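# Coordinate analysis (summary)
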Amino acid sequence: MDTSRTCESSEVRIDHSLSEVERQHLARRTKTVLDCLDQHDISCSEHDMPNIAVLGSGGGLRAMVGLLGSLSQLKEEGLLDCIMYLSGVSGSTWCMASLYNEPNWSTKLKTVEENIVQRLAEGRVSWSQMGQKLANYYAKKENFSLTDVWAALIVSNMVNEIDEHKLTEQRANYTNDPYPIYTVIDKQCKYDRLNADVWFEITPDESGYSLPGAFVDSSCLECQFENGKKVKEQPEIDMLYLQGLCGSAIADMEDIIEYLFEALKHLMINKIGSTEESQTSLDVQNGYQVLLQLVELNLCVLRKEDPTDYLQKMKGLLKDKHDEIERMTVRLENKVTSEKTISKEELNEYTLQVCSYITDLFTKQDFWDEIWIAIVRAIERIVHWIWGTTYDYLYGMTVKDIDPSILHSKTREYEDTAALLNSPYFSVLRQERKIDLIISLDFGVGDPFESVVKTAQICEELQIPFPEVVPGEDVEPLDFYVFRGHSKAPTVIHIPLFNAVNCKGEIEKWKDRYCTFKSHYSYSDITDLLGKAGLNIKNNKEKLLKEIENVIKEKRTSKLGKI
């Protein structure tokens, strides 16, 4: 893929207003929305037309397939064309990435859906392809992080595709579709509950902090900036990386570390099996085995198994090779507790020392296999837990409403919004977007009201208009909830994926079948889930239309009151 494309604009935009491209899209989309409503015998003018956003929550492949099923049913019921925005977090962005790579996907959704289903059910990405992608990321990027590893080895394996299209290639390709918004958070800001700078949006046109209003052309998101001016070009991110960036919080930290080490283990075994011994020296071959045993050791400790055998194997491989690492191995062996455990700190220190030894070994042997080097760097990133490192386009600027820590930082770390809030509410709560109705599709398997309740609490603290949220007292969640607020707040329709209506007393059974880190769905898994998600739309079509009419009436009443 071509990575030589340059930024469309080399300057940062500090402004709360929507981009010119987004405004133009909304103007075109308005006629589509009005025509769609007219087909349902809902008459309104451009001035009282409801501005509707669909939100897709996180949830791995469950969210990806769930959003696809919901959108397909909206299309079937003749409602998709009344949606102005489509915003997602985590697994929902995987669905969006697949949809928006197809120009004007909403006009041919049946075919697009069939292609996605076939890929998920039957497609495969080989370990050699994943390894080469990992190596390409490491070779071409100055800010190589765990997000690159996650995208290349985990996301590609889940979505069965290495999508090297660029996000900006979607420009002008969605003229008949809702405006897409992918979302992440600024990791360094997430621990401050009152920090409005945490919410970060990415669109085909521009990316930036949603609430303070600080944006950069999306083709420049990885570029280096100082004082609002681009000083160094960097390759534009591809769609696989974007999916890794948006969809990385699908398990807790220990599970993610285990998944990454397990993936690296399989990649190394595949790589060793495909390498002819005659092509490498005995020392390099020994280095392969040391690295593999290091990963096995880390997996063993994570699983709370006895590490003694792996440490003994490491001693054997290192004997007469590297005295210091051999001595460290003996010391680590002596520190194994009576419960057969090693402290995380000691294991991390040892892991980094072995990686340094392997790097020196490869360098001295004049050996430079990009995949093996990338594997070593990936292990180091796991230890340091570095995600989503990106040059800070606001570095060195003076901006009144931006947290000073952002302005003084050369790089920022972005991560999955679901690590803080499992729905992209704040992308559509930008005042400039003037959203009247939010359709919240919740694909989580935990508390079905957690995200909407948390959003209401944060909005109250940040003084952002949002309806009061009082969850129902139902033993099992229903399939349709409406939260209405005052005239400045949007109405929120909240739809839990698995509910009393579409699961009929078997909610836990469906949750178990579609656990979040299930990495592959069969054809029947996919079609069954598409059906469940679709039922939530089909069963509530009239309620959706009623709430749309209510919004129109509210807007008309509000305007009359101002006359």
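Residues numbered from 1 in each chain as written. Predicted model: local features only at pLDDT ≥ 70, side-chain atom pairs only at ≥ 80, totals over all residues. Heavy atoms only, no water.

The name that an unreviewed UniProt entry assigns to the protein chain is Phospholipase A2, group IVC (cytosolic, calcium-independent), with the source organism given as Pygocentrus nattereri.

## Thoughts on the overall build of the protein chain
Going by this rule: Secondary structure elements are taken from DSSP: a helix is a run of H or I of four residues or more, a strand is a run of E of two residues or more, and numbering for both begins at the N terminus. Taken over C-alpha atoms, the radius of gyration is set against a globule rule of 2.2 Å times the number of residues to the power 0.38. The classification of residues rests on relative accessible area computed with a 1.4 Å probe and restricted to protein chains. Under 20% of the type maximum is buried, over 50% is exposed, and intermediate values are partly exposed. A contact between two residues is defined here by any heavy atoms of the two lying within 4.5 Å.
Broken down by element type, the protein chain carries 20 helices and 14 strands. In terms of overall dimensions, the protein chain is globule-like: its C-alpha atoms have a radius of gyration of 25 Å, near the 24 Å expected for 563 residues. With respect to the principal axes defined by its C-alpha atoms, the protein chain has extents near 90 × 55 × 40 Å. Looking at the 563 residues of the protein chain, the share that counts as buried comes to 59%. Across the protein chain, every contact between residues at least 6 apart in sequence was considered, and the portion connecting residues at least 24 apart equals 74%.

## Looking at the nonpolar core
Basically, it comes down to this: Residues grouped as a nonpolar core are buried Ala, Val, Leu, Ile, Met, Phe, Trp, Tyr and Cys residues, joined through side-chain atoms within 4.5 Å.
The biggest cluster of nonpolar side chains holds 183 residues, and the ones touching the most others in it are Leu 99, Ile 375, Tyr 393, Leu 394 and Phe 426. Not counting the four nearest positions on each side in its chain, Phe 426 is found in contact with Trp 199, Ser 210, Leu 211, Leu 421, Thr 455, Ile 458, Cys 459, Leu 462 and Ile 464.

## Points about the side chain of Thr 329
Defined as follows: Here a polar contact is recorded for every N or O atom pair within 3.5 Å, except that within protein the pair must consist of a potential hydrogen donor and a potential acceptor, and residues adjacent in sequence are included only if both atoms are side-chain atoms.
Following the sequence through the fold, Thr 329 ends up in helix α11 (residues 323–334). Taking the relative accessible area as the measure of exposure, Thr 329 reaches 0% and is therefore buried. A distance of 2.8 Å separates a polar atom in the side chain of Thr 329 from the backbone oxygen of Ile 325. When neighbours within four sequence positions are excluded, Thr 329 is seen to be in contact with Leu 311, Met 314, Lys 315, Leu 318 and Tyr 350.

## Notes on the pattern of salt bridges
In a structure, side chains of opposite charge can pair up when their charged atoms sit close to one another. Heads up, the condition is: The term salt bridge refers to a side-chain nitrogen of Lys or Arg lying within 4 Å of a carboxyl oxygen of Asp or Glu.
Tallying each qualifying case throughout the model produces 43 salt bridges. A salt bridge links Lys 541 to Glu 77; its shortest N-O distance comes to 3.7 Å. Taken together, the residues span a long stretch of sequence, with Lys 541 in helix α20 (residues 541–562) and Glu 77 in the loop between α2 (60–76) and β3 (85–88) at a distance of 464 residues. Across the pair Arg 381 and Glu 380 runs a salt bridge, and its minimum N-O distance is 3.8 Å. Both residues of the pair, Arg 381 and Glu 380, belong to the buried class. Taken together, the salt bridges that share partners define one network made up of Glu 22, Glu 201, Arg 430, Glu 432 and Arg 433.

## Comments concerning helix α4 (residues 109–122)
Condition: The span you would expect from a helix comes to 1.5 Å times its residue count less one.
Taking 1.5 Å of rise per residue, 14 residues should cover 20 Å, and α4 covers 20 Å from first to last C-alpha, within 8% of that figure. Buried residues of α4: Leu 109, Val 112, Glu 113, Ile 116, Val 117, Arg 119, Leu 120 and Ala 121, and no others.

## Brief notes about the pairing of strand β6 (residues 206–209)
Which entries qualify depends on this criterion: DSSP calls a pair of strands paired once it identifies at least 2 bridges connecting them.
When strand β5 (residues 199–202) meets β6, the two strands line up antiparallel, connected through 3 bridges. Along β6, the bridge assignment pairs Ile 202 with Ser 207. Summarising the sheet, β6 and strand β7 (residues 214–217) pair through 4 bridges and their orientation is antiparallel. Paired with Tyr 209 across the strands is Ala 214, a residue of β7. Connecting β6 to the next strand, β7, in antiparallel fashion are 4 residues, including Gly 213 with a positive phi near 85°.

## Points about the confidence of the model for the protein chain
The condition is simple: The predictor rates its confidence in each residue with pLDDT, a number between 0 and 100.
Here the protein chain shows a mean pLDDT of 92. Residues at 70 or above account for 96%. Every residue in residues 1–6 scores below 50 in pLDDT, and together they form 13 contacts with partners more than four places removed in sequence or on other chains.

## Considering the environment of Lys 340
Its place among the elements puts Lys 340 in the loop between α11 and α12 (344–364). Under the relative-accessibility criterion, Lys 340 is labelled partly exposed at 39%. With 301 residues separating them along the chain, Lys 340 and Gln 39 place their C-alpha atoms 69 Å apart. Discounting chain neighbours no more than four positions away, the residues touching Lys 340 are Glu 305, Asp 306 and Pro 307.

## Observations regarding α12
Each full turn of the α-helix corresponds to 3.6 residues, which orients residues three or four apart in the same direction. Over its 21 residues, α12 runs 30 Å from end to end, which matches the ideal 30 Å to within 8%, given 1.5 Å per residue. Here α12 has its buried residues at Leu 347, Asn 348, Tyr 350, Thr 351, Val 354, Cys 355, Tyr 357, Ile 358, Thr 359, Leu 361 and Phe 362. The secondary structure elements touched by the buried residues of α12 are α9 (282–302), α10 (308–318), α11 and α13 (370–384).

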